[in-house]
Amino acid sequence: MSRLLVCAPLRLEARAVRRGLAGVTEGGGEVRRTGMGARNSARQADRLRTEDFGMLAVAGTGGGLAAGLRPGDLVVGSAVSGPDGLVTCPAAPLLAGELRRAGLRVQTGQIATVPRIVHGAGRQQLARDGALAADLESALLLTAAAGRPAVVLRAVSDTAQQPLLSPRALTSGAAALRSLALAAPALASWAAAGGSRRVLLAGPRSFCAGVERAIEIVERALGQTDKPVYVRKQIVHNSRVVAGLEQRGAVFVDELGEVPDGSRVVFSAHGVSPAVRAEAAVRGLDAIDATCPLVAKVHAEARRFAAEGYLVVLIGHAGHEEVEGTLGEAPGSMALAQSTADVAALQPADPGKVAYLMQTTLSAEEAGEILDALLERFPAARGPGSDDICYATTNRQLAVRAIAAESDLVLVAGSANSSNSRRLVETAERTGTPAYLIDDVGDIELSWLAGASVIGITAGASAPPAMVSEIVAALAGLGPVELSERVIATESIRFGLPKEVRQI
């Protein structure tokens with residue numbers, strides 16, 4: 001834990017923060033009133049620079065610049081502009097996430113420190129420059145941190161629609177002070193999470209070859225036409241990837257019925273059943289198949305075993321798109337096994353003609369338990385020619401197991417609907433290490449980090465590499481980080497693109 005110093009320019013602001021910190025012991029600290037404006041802030045910063053504190057927070061009210069902000073909203077500064085340029089605050093997403101979980105309205109972005117209160121055109125220009133809020137002190141007070149972790153929190157007291165001199169100024173100011181008080185415990189949590197730590201990166205992590213291929217297919221398809229490109233289901237199970245492709249023009253749909261006749265449609269990396277392909281052909285859709293080649297391999301195995309008269313048992317999770325597509329390859333000859341109980345309930349017409357396949361994103365431990373039960377009941381059961389669980393899934397599970405053994409906690413970057421990401425959490429937890437799935441840096445709860453001196457980080461095969469960099473940067477905003485990597489395998493596999501997008 002690092003001692004927290006909160007700089008609040010005005011007496012009312014300092015009182016609001018103290019009220020919010022009352023009774024907070026862990027991470028609690030001193031609130032210092034620093035005075036309004038540049039001169040007072042610069043003088044106080046000079047004094048504070050040599051004081052013995054561990055973490056600095058600047059907290060007060062400010063003018064809201066961005067559309068949609070209203071009195072009482074909070075702005076956490078990811079960067080603060082001032083007379084000496086732009087200062088970044090890398091821990092801003094962590095604090096903002098804590099505030100959101102407390103039920104407060106908060107935005108993260110740039111705060112502009114200005115020499116005087118701005119009105120009208122001045123506000124508009126600051127907003128055009130990218131600032132969400134303006135104040136008179138933050139950039140100057142931040143210099144007191146002198147390399148120590150720092151954050152800036154401003155509660156909106158006025159907006160362009162409700163300026164300082166409006167009849168509602170008192171009401172708006174009171175709303176801002178209430179928000180400051182409510183936000184103060186999050187500042188204490190931020191301080192409690194502070195300190196130096198080691199960060200272990202699992203290798204490999206993030207995108208696999210199948211995911212890279214699927215994303216490139218959509219990108220190339222978008223580059224070939226000005227018309228909409230539809231994608232059936234999420235191309236990969238990651239919200240950031242999907243949002244990025246949507247911004248570039250991709251239209252994601254749940255079913256082909258949402259795609260206009262004759263349009264171009266991409267099938268996701270998880271694969272589709274023959275029935276979906278047939279529907280696309282009947283409706284004249286220009287279909288591009290982004291199914292991962294390793295999933296396509298499982299589909300081919302399902303067709304082969306079914307054609308040879310086997311009951312094909314698919315070990316996987318009901319409702320997952322890959323499972324639905326695989327089951328659709330031979331619906332009259334397949335059964336899904338999600339547990340050993342499902343294995344016990346199987347009634348094959350010929351117990352000597354049982355085969356098994358696996359969802360590619362399962363954990364080896366989970367699949368192995370079900371497979372053991374299947375082979376115990378049907379010793380002659382046939383399996384695939386090579387392991388169905390994909391190399392990337394296996395490698396990432398081995399890598400996360402390696403870092404979990406050394407870590408106080410593990411953070412797994414990935415979306416909640418990503419099977420391979422959830423399996424990474426489970427793999428880490430099996431070592432006895434707490435593990436959490438996060439879709440965004442703001443999902444990290446500060447209480448997880450308090451007292452954690454070694455943090456392991458990995459990312460699911462569908463999670464962008466940038467997420468890992470963002471997590472590391474946010475942790476560095478809490479104190480010095482010693483970064484190292486544990487590499488258990490080097491991946492060099494690349495998959496070719498379908499003919500429809502090889503040339504753009």
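Placed above this text is the structure.
Source: prediction; values computed, not measured.

(A) Highlighting the packing of helix H1 (residues 11-21) against helix H6 (residues 169-192). Two elements in contact, H1 and H6, have axes whose closest approach is 7 Å; the angle formed by their N-to-C orientations is 50 degrees. The pairing of H1 with H6 is recorded here as oblique in orientation. For the pair H1 and H6, the sense of crossing is right-handed. Facing H1, whose interface residues are Leu12, Glu13, Ala16, Val17, Arg19, Gly20 and Leu21, H6 presents Leu177, Leu180, Ala181, Ala184, Pro185 and Ala188. Residue composition of the contact of H1 with H6, grouped by class: ten nonpolar, one polar and two charged.

(B) How the structure looks around the packing of aromatic side chains. Scanning the entire structure with this criterion turns up two aromatic pairs. Both rings, one in Phe305 and one in Tyr310, keep their centres 5.7 Å apart while their planes meet at 65 degrees; by these two values the pair is edge-to-face. Tyr310 carries the same exposure label as Phe305, and that label is buried. Pairing Tyr436 with Trp448 gives two aromatic rings, centres 3.7 Å apart and planes at 5 degrees, and the pair type is stacked. Linking Tyr436 in strand E18 (residues 435-438) with Trp448 in helix H16 (residues 446-449), this pair joins segments that are twelve residues apart in sequence.

(C) Structural view of the nonpolar core. If you look at the biggest cluster of nonpolar residues, it comprises 58 residues, and the most contacted ones within it are Leu99, Trp190 and Leu449. The contacts of Trp190, once residues within four sequence positions are left out, are Leu4, Met55, Leu56, Ala57, Ala91, Leu95, Pro149, Ala150, Val151, Leu446, Gly477 and Leu478. In terms of nonpolar packing, the next biggest core, distinct from the first, is built from 26 residues, Val231, Ile235, Ala250 and Leu497 among them.

(D) Inspection of the pairing of strand E8 (residues 150-158) at higher detail. Counting buried residues in E8 gives nine out of nine residues, a clear majority hidden from the surface. When strand E3 (residues 55-64) meets E8, the two strands line up parallel, connected through eight bridges. Of the residues in E8, the one forming a bridge with Gly62 is Val156. Note: strand E4 (residues 74-82) against E8, three bridges, orientation antiparallel. Along E8, the bridge assignment pairs Val75 with Arg154.

(E) Spotlight on a positive patch on the surface. Together, Arg11, Arg15, Arg18, Arg19 and Arg33 make up a region of like positive charge exposed at the surface. Summarising the element assignment, Arg33 is placed in strand E2 (residues 29-33).

(F) The sheet that holds strand E10 (residues 229-232), seen in detail. Here we have four strands laid out as an open sheet, ordered E11-E10-E12-E13, and parallel in their pairing. Looking along the sheet, the strands with just one partner apiece sit at the ends: strand E11 (250-253) and strand E13 (286-289). The average angle at which neighbouring strand axes cross in this sheet is 30 degrees, direction not considered. Pairing of E10 with E11, which is carried by four bridges, proceeds in the parallel orientation. Counted as the bridge partner of Val231 is Phe252 from E11. The sheet contacts of helix H9 (residues 274-282) involve E10, strand E12 (264-267) and E13, and relative to E12 the element is tilted by about 170 degrees.

Cut-offs and rules
- Residues numbered from 1 in each chain as written.
- Predicted model: local features only at pLDDT ≥ 70, side-chain atom pairs only at ≥ 80, totals over all residues.
- Heavy atoms only, no water.
- Axes fitted to C-alpha atoms, helices over the stretch in contact; angles between N-to-C directions.
- Helix = DSSP H or I, 4+ residues; strand = E, 2+ residues; numbered from the N terminus.
- Parallel < 35°, antiparallel > 145°, perpendicular 65-115°, else oblique.
- Left-handed = near helix turned anticlockwise from the far one by under 90°.
- Contact = heavy atoms within 4.5 Å.
- Nonpolar A, V, L, I, M, F, W, Y, C, P; charged D, E, K, R; others polar.
- Phe/Tyr/Trp six-rings, centres within 6.5 Å; stacked < 30°, edge-to-face > 60°.
- Buried < 20%, exposed > 50% of the residue type's maximum accessible area, 1.4 Å probe, protein only.
- Core = buried A, V, L, I, M, F, W, Y, C linked by side-chain atoms within 4.5 Å.
- Pairing = 2+ DSSP bridges.
- Patch = residues over 30% accessible without salt bridge, like charges linked within 9 Å, V, L, I, M, F, W, Y side chains within 5 Å.
- Areas by Shrake-Rupley, 256 points an atom, 1.4 Å probe, with all protein chains shown as cover.
- Salt bridge = Lys/Arg side-chain N within 4 Å of Asp/Glu carboxyl O.
- Lys, Arg positive; Asp, Glu negative; His and termini not counted.
- Charge placed at Lys NZ, Arg CZ, Asp CG, Glu CD.

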